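Architecture and fold: a report
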Amino acid sequence: MVVMGGIVGSGIFINPYVVARLVHTPALILGAWMAGGALALIGAFIYAELADRMPKVGGQYAYLREAYHPALGFLSGWASLLVIGSGGAAAVAVTFAKYFREFAFSAVPENIIAVLVVVALTLINCLGVRMGSGVQSLFMVLRILAIALVVSCGAWFLFSSSSVAPHSAWRPLLDRPASFDLLTVMGATMVPVMFAYGGWQTSNFIASEIREPRKNLPRALLLGVLGIILLYVSANFIYVQALGPGGLAATTTPASEVMRLALGERGASLIAAAIAISTIGFLSQSLLTYPRVYFAMADDGVLPRGIARVNSRNRAPVAAIALQGIVIGAVVLLGTYEQILSYVVVMDWLFFGLAASCIFVFRSREKRGARASASAGEAGYRVPGHPWTTGTFVASAALIVLDTIYKYPRNAGVALCILLAGVPVYFLVSGRARRPAGSE
């Protein structure tokens, strides 16, 4: 549930129209989602080996710290706090507020609703991982049901309606000649697709709080990502069949359009409530997992030690969770969530690629016969097809980052500036951590 909850947010209900505006045939639209699923599955294989090697709290922060340098691990956590985790969660919180107002007819301002839900979920996750994961599992089941509702109602509409012919003509396969232009456009489709698929790595952040992580975490990663691929491809098949490529490109709420065709306005209101549930579940997952990164950083002395405090009763990292909630709330109130959301892809995939490259480092150390450390020991689980699969993932991550910089240079530039601002912060904080007591 945590793996799937880290992936399924509002993307599957919104991003398909972005893909349909870039490519205009059913084969290319579904091909983009299948390719994204294959890449996400390779990513799950890679993170399964990393989790088996280092079943400790912190996820990719810990991998980068051990493979390269503590500074690179710090920058990963820095980007998670200010861009990846908080920025994405803030945008999702406001998305929840928009849909909540639509079906609840609330006059309360969107940013106030968003902040209130952030506060509520922060308090729930402060009660402990069992309480937080219980809420997460509940909302993940509801999200699966929401996608299943769209798929089943869409299929019922397609097979029962005699007045509307399904868009089953899949010719031509391509909307333009096979060329470099087609290749670059397909590359552009990977930005919204991989944003929707991203998030499987967050389960690794709570590895130390999972029972038998070396066995259960790889299994959860593989089963969770396979389940998401099935859900996403099924939903997009229904979108394309019910609306056609042109109709899908013309609406920013494809799930609502499918439900409106199947059940009328009542169906559109029903799926609006389901999307709100989806977003609140994703937000709960972010508050459950990302604070474990800041806890690990504080425990290493590169963030204030107070962030590493845990509750004496439930062992939850209350200070780290509160820090995450405060930053998310601040982003919501500042109204910068939409811009920050566009930063997320370039930062997310920069560190996806770097974390995946850690496999090469760890395996090289084994071959050289270096003494294995307790935190980066030999793995029992191995990435299938390595080094080709791992290399393909690293290269794909680099291409996604470069394409995002090319398409959105201003936003990517701001994201990179935020990242580089963490360099002096690291040396300042780590210098204080190494300073002997009483030296000030």
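Above this text you will find the structure in question.
Summary of the structure given here. (Residues numbered from 1 in each chain as written. Predicted model: local features only at pLDDT ≥ 70, side-chain atom pairs only at ≥ 80, totals over all residues. Heavy atoms only, no water.)

Before going further, it helps to examine a nonpolar patch on the surface. A grouping of M1, L138, V141, L142 and L145 is seen on the molecular surface, where their side chains present a nonpolar patch of about 420 Å² in accessible area. Among the secondary structure elements, L138 is positioned in helix α8 (residues 129-160). Looking at L138, the relative accessible area reads 51%, which means it is exposed. (Patch = residues over 30% accessible without salt bridge, like charges linked within 9 Å, V, L, I, M, F, W, Y side chains within 5 Å. Areas by Shrake-Rupley, 256 points an atom, 1.4 Å probe, with all protein chains shown as cover. Salt bridge = Lys/Arg side-chain N within 4 Å of Asp/Glu carboxyl O. Helix = DSSP H or I, 4+ residues; strand = E, 2+ residues; numbered from the N terminus. Buried < 20%, exposed > 50% of the residue type's maximum accessible area, 1.4 Å probe, protein only.)

Time to look at the packing of helix α4 (residues 26-53) against helix α16 (residues 388-407). Taken N-terminus to C-terminus, the directions of α4 and α16 make an angle of 120 degrees; their axes are 10 Å apart at the nearest point. For the element pair α4 / α16, the angle class is oblique. Between α4 and α16 lies a crossing whose hand is left-handed. Residues L39, I42, G43 and I46 of α4 touch α16, and the partners they reach there are T389, T390, F393, S396 and I400. Residue composition of the contact of α4 with α16, grouped by class: five nonpolar, four polar and no charged. (Axes fitted to C-alpha atoms, helices over the stretch in contact; angles between N-to-C directions. Parallel < 35°, antiparallel > 145°, perpendicular 65-115°, else oblique. Left-handed = near helix turned anticlockwise from the far one by under 90°. Contact = heavy atoms within 4.5 Å. Nonpolar A, V, L, I, M, F, W, Y, C, P; charged D, E, K, R; others polar.)

Tallied over the full model, the rule gives seven salt bridges. With a shortest N-O distance of 2.8 Å, E49 and R363 are connected by a salt bridge. Taken as a pair, E49 in helix α4 and R363 in helix α15 (residues 337-367) lie far apart in primary sequence, 314 residues in all. Each member of the pair, E49 as well as R363, is classed as buried. Of the charged contacts in the structure, one is a salt bridge between E257 and R260, with a shortest N-O distance of 2.9 Å. With E257 and R260 both in helix α11 (residues 254-263) and three residues apart, this pair spans about one turn of that helix. Through salt bridges with shared partners, a single network forms among E49, R53, R363, E366 and R382.

Looking now at the environment of V327. Relative to the elements of secondary structure, V327 occurs in helix α14 (residues 318-334). A residue is classified by how much of its surface remains accessible, and V327, at 17% relative accessible area, is buried. When the C-alpha atoms of V327 and A89 are compared, they prove to be 9.9 Å apart, with 238 residues separating the residues in sequence. If sequence neighbours within four positions are ignored, V327 has contacts with L81 and S86.

Moving on to the side chain of R53. Assignment of secondary structure puts R53 in helix α4. Within the local environment of R53, its side chain forms a polar contact with the side chain of E366, the two groups lying 2.7 Å apart. (Polar contact = N/O pair within 3.5 Å; in protein donor to acceptor, adjacent residues only side chain to side chain.)

The biggest cluster of nonpolar side chains holds 133 residues, and the ones touching the most others in it are Y197, W200, Y232 and W349. The leading source of residues in this core is helix α10 (residues 213-250), at 17 residues. Not counting residues up to four positions away in its chain, the partners in contact with W200 are V3, I7, A40, G43, A44, Y47, L221, V225, W349, F352 and F393. (Core = buried A, V, L, I, M, F, W, Y, C linked by side-chain atoms within 4.5 Å.)

Per the counting criterion, the structure on display carries ten aromatic pairs. Here F74 and Y426 contribute two aromatic rings whose centre-to-centre distance is 5.4 Å and whose plane-to-plane angle is 50 degrees, an arrangement assigned as tilted. Note that F74 is positioned in helix α6 (residues 70-104) and Y426 in helix α17 (residues 409-434), a separation of 352 residues in sequence. For the residue pair F74 and Y426, the accessibility class agrees, reading buried in each case. With centroids separated by 5.1 Å and ring planes inclined at 75 degrees, the aromatic side chains of Y426 and F427 adopt a geometry described as edge-to-face. Take Y426: its relative accessible area is 6%, and that puts it in the buried class. (Phe/Tyr/Trp six-rings, centres within 6.5 Å; stacked < 30°, edge-to-face > 60°.)

In this model, H386 is joined to P387 through a cis peptide bond whose omega is 10 degrees. With respect to the secondary-structure elements, P387 resides in the loop between α15 and α16.

Taking 1.5 Å as the rise per residue, α16 with 20 residues should run 28 Å; its terminal C-alpha atoms sit 28 Å apart, in good agreement. Turning to α16, its buried residues number three or more, namely T390, F393, S396, A397, I400, V401, D403 and T404. Take α16 and look down its axis: the buried residues cluster within an arc of 165 degrees, on one side only. Across from the buried face of α16, at angles greater than 90 degrees, the exposed residues are W388, L399, L402 and Y406. (Expected span 1.5 Å × (residues − 1). Arc of directions from axis to C-beta.)

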